[in-house]
Amino acid sequence: MSPQPQLPPVAPSVTAELVEALSPRLRKRLDAGVAKLLARPAVRAGDTVRIAVDDETDVVLHAPEGAVTGADAIRCGCLLAPDCLHRAAAASAAPVADEAAAPVAEETAAPGETAGAEREPVAAEPAKQPGPQGPSSPVSRTRQPKPADRADGSGASGQTDRPHQPGPPPTAADGHTGHTEDAEDAESVTDAQRTAARAVFDAAAAVLDAGTEGSGAVLQAELLRAAHTARLAGLPRAAAAAVAVVTGVRAARSADPGHRLADLATALSGVLGVAHRLPYAAGPELAALRGTVRRPYRPDGSLRLYGLFSEPVLTATGYAGAVTWTADAGGRLYSVSDVAPGGPSRATGAADRAVRLGDTALTHRELSRAGLAVSGATVSPTGRLGAGAGVRAVRASGVAWDAEPLRRLWAVPAAEQVARALDGGHDLLFLEVTLTGAVREAGCESLLADCGGVPLRLAVAHDDPALPYRDNLRLLAAAQGSRLRIVARLAPGPRPRALLLAVRHPTDPAARVDLGLDRLRHADLPAGAAAAPAVAVPAVDEAPLHLLRRRVHQAVSGGRPVLASARGGAGDGDRLRRNGLATAAALLGELHAAAADRTRDAFGRLLPADPDRFARAWLAAAVYTETVERALCADGWGAPAPQTSAARP
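Residues numbered from 1 in each chain as written. Predicted model: local features only at pLDDT ≥ 70, side-chain atom pairs only at ≥ 80, totals over all residues. Heavy atoms only, no water.

Asks: So what's going on with the overall build of the protein chain? Which residues, and what values?
Replies: Each helix and strand counted, the protein chain has 20 helices and 16 strands in total. Across the 649 residues of the protein chain, 58% fall into the buried class. Split by element, the accessible area of the protein chain, about 24,600 Å² in all, is 53% carbon and sulfur. (Helix = DSSP H or I, 4+ residues; strand = E, 2+ residues; numbered from the N terminus. Buried < 20%, exposed > 50% of the residue type's maximum accessible area, 1.4 Å probe, protein only. Areas by Shrake-Rupley, 256 points an atom, 1.4 Å probe, with all protein chains shown as cover.)

Asks: So what's going on with the nonpolar core? Which residues, and what values?
Replies: Grouped together as the largest cluster of nonpolar side chains are 66 residues, with contacts concentrated most on Leu308, Leu406, Leu431, Leu476, Ile486 and Trp637. The element best represented in this core is strand S10 (residues 428–441), accounting for seven residues. (Core = buried A, V, L, I, M, F, W, Y, C linked by side-chain atoms within 4.5 Å.)

Asks: Lay out the environment of arginine 483 with the relevant residues and their values.
Replies: Locating arginine 483 in the fold gives a position in strand S13 (residues 483–490). Linking arginine 483 and cysteine 451, residues 32 residues apart in sequence, is a C-alpha distance of 9.8 Å. Non-local contacts of arginine 483, meaning those with residues more than four positions away in its chain, are made with Glu432, Val433, Thr434 and Arg504. Only 3.0 Å separates the side chain of arginine 483 from the side chain of threonine 434, close enough to count as a polar contact. (Contact = heavy atoms within 4.5 Å. Polar contact = N/O pair within 3.5 Å; in protein donor to acceptor, adjacent residues only side chain to side chain.)

Asks: Tell me about the environment of alanine 622, residues and numbers included.
Replies: In this structure, alanine 622 sits in helix H20 (residues 611–637). Once you skip the residues sitting within four places of it in the chain, alanine 622 turns out to touch Ser269 and Val552.

Asks: Which residues make up the pairing of strand S2 (residues 48–52), and what values do they have?
Replies: Where strand S1 (residues 42–45) and S2 come together, four bridges link them in antiparallel fashion. By the bridge assignment for S2, alanine 45 is matched with threonine 48. A loop of two residues connects S1 with S2, the two strands running antiparallel in sequence, and glycine 46 in this loop sits at a positive phi of about 65°. In this structure, S2 lies alongside strand S3 (residues 58–62), joined through five bridges in antiparallel fashion. Residue pairing in the sheet places alanine 52 in a bridge with aspartate 58 of S3. With antiparallel pairing between neighbouring strands as the criterion, S2 and S3 make up a hairpin whose turn holds five residues. (Pairing = 2+ DSSP bridges.)

Asks: An account of the sheet that holds strand S4 (residues 74–76) is requested, with residue identities and associated values reported.
Replies: Read from one edge of the open sheet, four strands run S1-S2-S3-S4, paired in antiparallel fashion. Two strands bound the open sheet, and with one partner strand each, they are S1 and S4. Each strand axis lies, on average, 15° off the axis of its neighbour in the sheet, ignoring direction. (Axes fitted to C-alpha atoms, helices over the stretch in contact; angles between N-to-C directions.)

Asks: Explain the packing of aromatic side chains to me, and be specific about the residues and the numbers.
Replies: Tallied over the full model, the rule gives three aromatic pairs. Taking 4.9 Å as the distance between ring centres and 35° as the angle between the ring planes, the aromatic pair formed by tryptophan 401 and tryptophan 410 counts as tilted. Neither tryptophan 401 nor tryptophan 410 differs from the other in exposure class; each is buried. Measuring from centroid to centroid gives 5.1 Å for tryptophan 410 and phenylalanine 430, while their planes differ by 75°, and the two rings are edge-to-face. You can see tryptophan 410 sitting in helix H13 (residues 407–411) and its partner phenylalanine 430 sitting in strand S10, a full 20 residues away along the chain. Aromatic rings pair up to connect Trp401, Trp410 and Phe430 into one cluster. (Phe/Tyr/Trp six-rings, centres within 6.5 Å; stacked < 30°, edge-to-face > 60°.)

Asks: Tell me about helix H6 (residues 191–214), and name the residues and values.
Replies: With 24 residues, H6 ought to run about 34 Å at 1.5 Å a step, and its terminal C-alpha atoms sit 32 Å apart, in line with that. The largest bend in H6 amounts to roughly 55° and is located at leucine 208. (Expected span 1.5 Å × (residues − 1). Bend = angle between axes of the 7 residues up to and from the residue.)

Asks: Let's hear about the sheet that holds strand S8 (residues 371–379): which residues, and what values?
Replies: What holds strands together in a sheet is hydrogen bonding between their backbones, with the strands either parallel or antiparallel. The five strands are arranged S7-S6-S5-S8-S9 in an open sheet whose pairing can be described as antiparallel. Each edge of the open sheet carries a strand with a single partner, namely strand S7 (333–341) and strand S9 (392–396). On average, each strand axis in the sheet is inclined to that of its neighbour by 35°, with strand direction left out of account. Where S8 meets S9, five bridges bridge the pair, whose relative direction is antiparallel. Paired with alanine 373 across the bridge in S9 is valine 394.

Asks: Describe the pattern of salt bridges, naming the residues involved and giving the relevant values.
Replies: Taken as a whole and judged by the stated rule, the model has 34 salt bridges. Across the pair arginine 198 and aspartate 202 runs a salt bridge whose closest N-O atoms are separated by 2.6 Å. Separated by four residues within a single helix, arginine 198 and aspartate 202 lie in helix H6, roughly one turn from each other. For arginine 198, a relative accessible area of 34% gives the class partly exposed. Between arginine 577 and aspartate 574 there is a salt bridge, and its shortest N-O distance comes to 3.5 Å. Separated by three residues within a single helix, arginine 577 and aspartate 574 lie in helix H18 (residues 569–578), roughly one turn from each other. Looking at arginine 577, the relative accessible area reads 46%, which means it is partly exposed. A network of salt bridges, in which partner residues are shared, links Asp352, Arg365, Arg369, Asp514 and Asp518. (Salt bridge = Lys/Arg side-chain N within 4 Å of Asp/Glu carboxyl O.)

Asks: Summarise the packing of H6 against helix H16 (residues 546–558); cite the residues concerned and give the values.
Replies: Where H6 contacts H16, the two axes come as close as 4 Å, and the packing angle between them is 70°. On the basis of the axis angle, H6 is roughly perpendicular to H16. Contacts between H6 and H16 involve Leu208, Ala210, Gly211, Thr212 and Glu213 on the former and, on the latter, Ala555, Val556, Ser557 and Gly558. When its residues are assigned to classes, the contact of H6 with H16 shows four nonpolar, four polar and one charged. (Parallel < 35°, antiparallel > 145°, perpendicular 65-115°, else oblique. Nonpolar A, V, L, I, M, F, W, Y, C, P; charged D, E, K, R; others polar.)

Asks: Which residues make up the pairing of strand S12 (residues 454–460), and what are the values?
Replies: Buried residues dominate S12, accounting for six of its seven residues. In the sheet, strand S11 (residues 444–451) pairs with S12 via five bridges, with the strands oriented antiparallel. Paired with leucine 448 across the bridge in S12 is arginine 457. Once S11 ends, the chain turns through two residues before running back antiparallel as S12, passing glycine 452 with a positive phi of about 60°. Examined bridge by bridge, S12 and strand S14 (residues 497–504) share four bridges and lie parallel to one another.

Asks: Can you explain unusual backbone geometry? Please cite residues and give values.
Replies: Cis geometry marks the peptide bond from alanine 81 to proline 82; its omega dihedral reads 10°. By the secondary structure assignment, proline 82 is in the loop between S4 and helix H4 (85–93). The peptide bond linking glutamate 404 to proline 405 adopts the cis configuration, its omega dihedral lying at 5°. Note that proline 405 resides in the loop between S9 and H13.

Encoded structure:
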């Protein structure tokens, strides 16, 4: 039996338009319609996907450019068409596409480049999230890695996050698709932008109020409409952040194995923070909050690159492929990606596809171990290599990780690498570790390793069973005592933790293993290696910040009603105060108060809750938690405290 074809991505404006056209009666049935449609057989033929609603009715999605960009591209043969439930359900069931001309990467991966095109959409940036205190109150800067930026981070400025998730903050002042504003035009917020930001905040607050369990297709469509309005108003960062939330909500509701509640909380904090801060911003801060639709590729002359490793990309938005990381003689990172609509099979197969750069016939897998000589190179600010017509590339020799110039990447102290990542640099870590065992906590297994005296947990970079990450990690657990050179991605948290991406071969120092693409065998382990069971350990939080974090995450999952009925708020607050976290206790108290705040009218009837107050209380708690966790992360690695910024609302 052939696998169910992936639905093509649908632009946010299309989904919003089709849902808005439904009658109130059909809107109540939309979630059930989405579930029913996903269970029906679908067939792909070229650019068209046909879903059989029943024996006589089909829904057809036409995506000639890889994505559905107009409502007329979704057709249905039922009697109620065009304002039927089937069209809206199909749009709501499909991944969310970017409304810019290029495909969008999620807060886990970057879209592939097309030949001759050098454009790069900005994914949602949860970094630099504002707090809700007011125009003059300082809040420490927070930053989380993003999927799309990982795929194109550079050694100088890239930032990545789990599959996937990489990315640096926006730096351009381009507020409109295809239009770059002059510096004078970017000094203040326009009325249209202020209105659009308010719409994004209100729609995101409604999702938070309902939680993932209550955020059905209608609430998702409202947030997508707000995202479309924000993009038209010249706020691509807010638009991308809103789309990231919808994607996360859908992953949560569909029990996607790649869903992480913490990631969705970060996405919600990002969109609420950007939308809240925009009306108060000006100058460079406003330019960063607006974001940019395109990051220009600039000429970079001739480059001599050395392959480092390749990683698969598999996102919740329906994009898949591979990214290969390289470095030049000075240690700066460059990436080449091949990401397009697809599923797990494309993620695993893209490594054996030719790199789309010049005339080279190297595959991604080969490039990760070889080298590349590039002339006429064009490079994005995050280190992604462009594939323009003037670029020439030929194969060159590669080097082992312990040979120059790559060995210098591992010569940088781990604390310095972590400090760079927490302050906005790329989040790839090049470490020397000694494996010490395995541990099971919070339902997942991790490798335990010693990194220069720092106890480190190494986790899988992606949970999809089609990727060999988890099998490889379990096999490596049998190689206790082995000293390995690894590449990992920082996972900020109170304890030193990283996502394992690639390792030097356990028995062949000249070879390396890309853990998301290659499969280790028992024969690859040192002689006498035997699998040891993972040791289950209780979760321990030295500073009881988890008491606040737990409520922040509960709100994302269950919405305001869960916190309104939750007990133990006072006890948790007392414990936080006893441990010196008075601010956390105050934020927790306000969060519970905002959740339970329900006034009555003159007849004693309960009035609707105030989602605005609850959203602001939740945002303050989320920003505080992320800021403290970054500080604890730096402390755990022995790194300097992350930089802070007073430019917060």
